[in-house]
Amino acid sequence: MTEPATFQDIADNLSFLDDWEDRYRYVIELGQALPKLDEAEKSEANRVRGCVSQAWLSAEASRRDGLTILTYRGESDAMIVQGLVAILLALYSGRPAHEIADTDAIAIFDELGLREHLTAQRSNGLVAMVNRMRSEGEALR
């Protein structure tokens with residue numbers, strides 16, 4: 001299994017893909033590279049509300065250099081959402097809580113052209129995932 005890509009790698013690769021179908025396939029490939037969650041992590045507490053498909057985000061907080069670091073794992077039963085989870089994990093996971101709270105992933109997704117072809121339901125689910133992650137970051141600042 002390949003390692004999940006870093007966010008900058010993802011952004012660079014997306015910049016070379018002009019066709020939405022190529023971008024769509026790439027996002028799906030990113031999701032396929034994510035490790036699966038343990039069944040225990042697919043709990044109601046980890047379920048993302050606001051997603052049409054089933055999606056779960058599991059956060060683990062740790063301390064490093066006096067900062068609270070959040071490490072995320074995630075999964076979805078929908079291929080495109082799984083890919084969006086992979087991008088969010090690349091952007092947010094392993095970062096200090098205050099950086100997560102201050103980073104607007106929706107604006108970044110818009111800059112990369114990743115939301116313009118999503119259905120309204122998928123876009124709402126993405127916003128729900130981002131809001132949850134940023135709220136967790138804010139709570140642990």
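Residues numbered from 1 in each chain as written. Predicted model: local features only at pLDDT ≥ 70, side-chain atom pairs only at ≥ 80, totals over all residues. Heavy atoms only, no water.

Now for helix α3 (residues 79–92). Taking 1.5 Å of rise per residue, 14 residues should cover 20 Å, and α3 covers 20 Å from first to last C-alpha, within 8% of that figure. Most of α3 sits inside the fold, with twelve of its 14 residues counted as buried. Restricting attention to buried positions, one finds in α3 the residues Ile-80, Val-81, Gln-82, Gly-83, Leu-84, Val-85, Ala-86, Ile-87, Leu-88, Leu-89, Leu-91 and Tyr-92. Positive phi shows up at Gly-94, right after α3, with a value of about 85°. (Helix = DSSP H or I, 4+ residues; strand = E, 2+ residues; numbered from the N terminus. Expected span 1.5 Å × (residues − 1). Buried < 20%, exposed > 50% of the residue type's maximum accessible area, 1.4 Å probe, protein only.)

This part takes up the confidence of the model for the protein. Mean pLDDT over the protein: 94, with 97% of residues reaching 70 or higher. Considering each helix and strand of the protein separately, the mean pLDDT is smallest for helix α1 (residues 7–15), with a value of 94, and largest for strand β2 (residues 67–76), with 98. (pLDDT = per-residue confidence, 0-100.)

Moving on to the nonpolar core. Counting residues in hydrophobic clusters, the biggest one holds 41 residues, and the most contacted among them are Ile-87, Leu-88, Tyr-92, Phe-109, Leu-114, Leu-126 and Met-129. For this core, the elements supplying multiple residues, two or more each, are α1, α2 (20–32), β1 (55–64), β2, α3, α4 (97–102), α5 (105–111) and α6 (120–139). Ranked by residue count, the leading element in this core is α3, at ten residues. (Core = buried A, V, L, I, M, F, W, Y, C linked by side-chain atoms within 4.5 Å.)

With respect to the helices and strands, Phe-16 occurs in the loop between α1 and α2. By relative accessible area, Phe-16 is classed as exposed at 66%. In this structure, the C-alpha to C-alpha distance between Phe-16 and Arg-141, residues 125 residues apart in sequence, is 36 Å.

With that settled, consider the sheet that holds β1. Strands sit in the order β1-β2-β3 across an open sheet of three strands; the sheet is antiparallel. If you trace the sheet from one side to the other, it starts and ends with β1 and β3 (95–96), each paired once. Two strands pair when backbone bridges link them, and β2 and β3 are joined in this way by two bridges, in the antiparallel orientation. Looking across to β3, one finds that Leu-70 is bridged to Arg-95. α3 contacts β1, β2 and β3 of the sheet and is inclined by roughly 170° relative to β2. (Pairing = 2+ DSSP bridges. Contact = heavy atoms within 4.5 Å. Axes fitted to C-alpha atoms, helices over the stretch in contact; angles between N-to-C directions.)

On to the pairing of β2, then. The buried fraction of β2 is high, at seven of ten residues. Sheet topology note: the β1/β2 ladder contains ten bridges and is antiparallel. Note that in β2 the partner of Trp-56 across the bridge is Glu-75. Count of turn residues in the β1/β2 antiparallel hairpin: two residues, of which Asp-65 carries a positive phi of about 55°.

Geometry of a packed helix pair, given as the angle between the helix axes and the separation of the axes. The geometry of α3 relative to α6 is characterised by a closest axis approach of 11 Å and an angle of 30° between their N-to-C directions. By the criterion of interaxial angle, the relationship of α3 to α6 is roughly parallel. Along this stretch, α3 crosses α6, giving a crossing that reads as right-handed. Of the residues in α6, those touching α3 at Ile-80, Val-81, Leu-84, Val-85, Leu-88, Leu-89 and Tyr-92 are Arg-122, Leu-126, Met-129, Val-130, Met-133 and Arg-134. A breakdown of the residues in the contact of α3 with α6 according to their chemical character gives eleven nonpolar, no polar and two charged. (Parallel < 35°, antiparallel > 145°, perpendicular 65-115°, else oblique. Left-handed = near helix turned anticlockwise from the far one by under 90°. Nonpolar A, V, L, I, M, F, W, Y, C, P; charged D, E, K, R; others polar.)

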